[in-house]
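Overview (structure and organization)
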Amino acid sequence: MEPDTGPGTGPDRRGVSVVQLICRAYGLSDASEITLEHIHRYVAERGRIEERTHHLRERFRPNIPRPRASDDAA
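Small disclaimer: the values here were computed from a predicted structure and weren't measured.

Contact geometry for helix H1 (residues 18–26) and helix H2 (residues 36–60): axes closest at 11 Å, N-to-C directions at 95°. As summarised for this structure, H1 and H2 are arranged roughly perpendicular, according to the angle between their axes. Only His38, Ile39, Arg41, Tyr42 and Glu45 of H2 make contact with H1, whose side of the interface consists of Val18, Leu21, Ile22 and Tyr26. When grouped by side-chain class, the residues that make up the contact of H1 with H2 number six nonpolar, one polar and two charged.

Moving on to H1. What H1 keeps buried is the set Leu21, Ile22, Cys23 and Tyr26. Buried residues along H1 sit against H2.

A word on the pattern of salt bridges. Inspection of every chain in the model, using the stated rule, returns two salt bridges. A salt bridge links Glu45 to Arg41; its shortest N-O distance comes to 4.0 Å. Of the two residues, Glu45 and Arg41 both sit in helix H2, four residues apart, roughly one turn of that helix. What makes Glu45 partly exposed here is its relative accessible area of 28%. In this structure Arg41 comes out as partly exposed when scored by relative accessible area, which is 37%.

On the surface, Leu36, Ile39 and Val43 cluster together into a nonpolar patch covering about 280 Å² of accessible area. Structurally, the position occupied by Ile39 is in helix H2. For Ile39, a relative accessible area of 36% translates into the label partly exposed.

About the cut-offs
- Residues numbered from 1 in each chain as written.
- Predicted model: local features only at pLDDT ≥ 70, side-chain atom pairs only at ≥ 80, totals over all residues.
- Heavy atoms only, no water.
- Axes fitted to C-alpha atoms, helices over the stretch in contact; angles between N-to-C directions.
- Helix = DSSP H or I, 4+ residues; strand = E, 2+ residues; numbered from the N terminus.
- Parallel < 35°, antiparallel > 145°, perpendicular 65-115°, else oblique.
- Contact = heavy atoms within 4.5 Å.
- Nonpolar A, V, L, I, M, F, W, Y, C, P; charged D, E, K, R; others polar.
- Buried < 20%, exposed > 50% of the residue type's maximum accessible area, 1.4 Å probe, protein only.
- Salt bridge = Lys/Arg side-chain N within 4 Å of Asp/Glu carboxyl O.
- Patch = residues over 30% accessible without salt bridge, like charges linked within 9 Å, V, L, I, M, F, W, Y side chains within 5 Å.
- Areas by Shrake-Rupley, 256 points an atom, 1.4 Å probe, with all protein chains shown as cover.

Structure follows, in structure tokens:
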């Protein structure tokens, strides 16, 4: 499977596959135990987490004014 490259993946999580993440999330010993229900649940939970994270990022993003261009009026 593809490695997880989404937000929140630091250097220690590099190379962790989606299968490994699902196994860890639901306490499964290996990929043979993953069912379609596990996959749907994992995808739904990730979607909710991504929405919440995006909302929080927008809410707490500092309002940094953009630098003026040299031709902007003072």
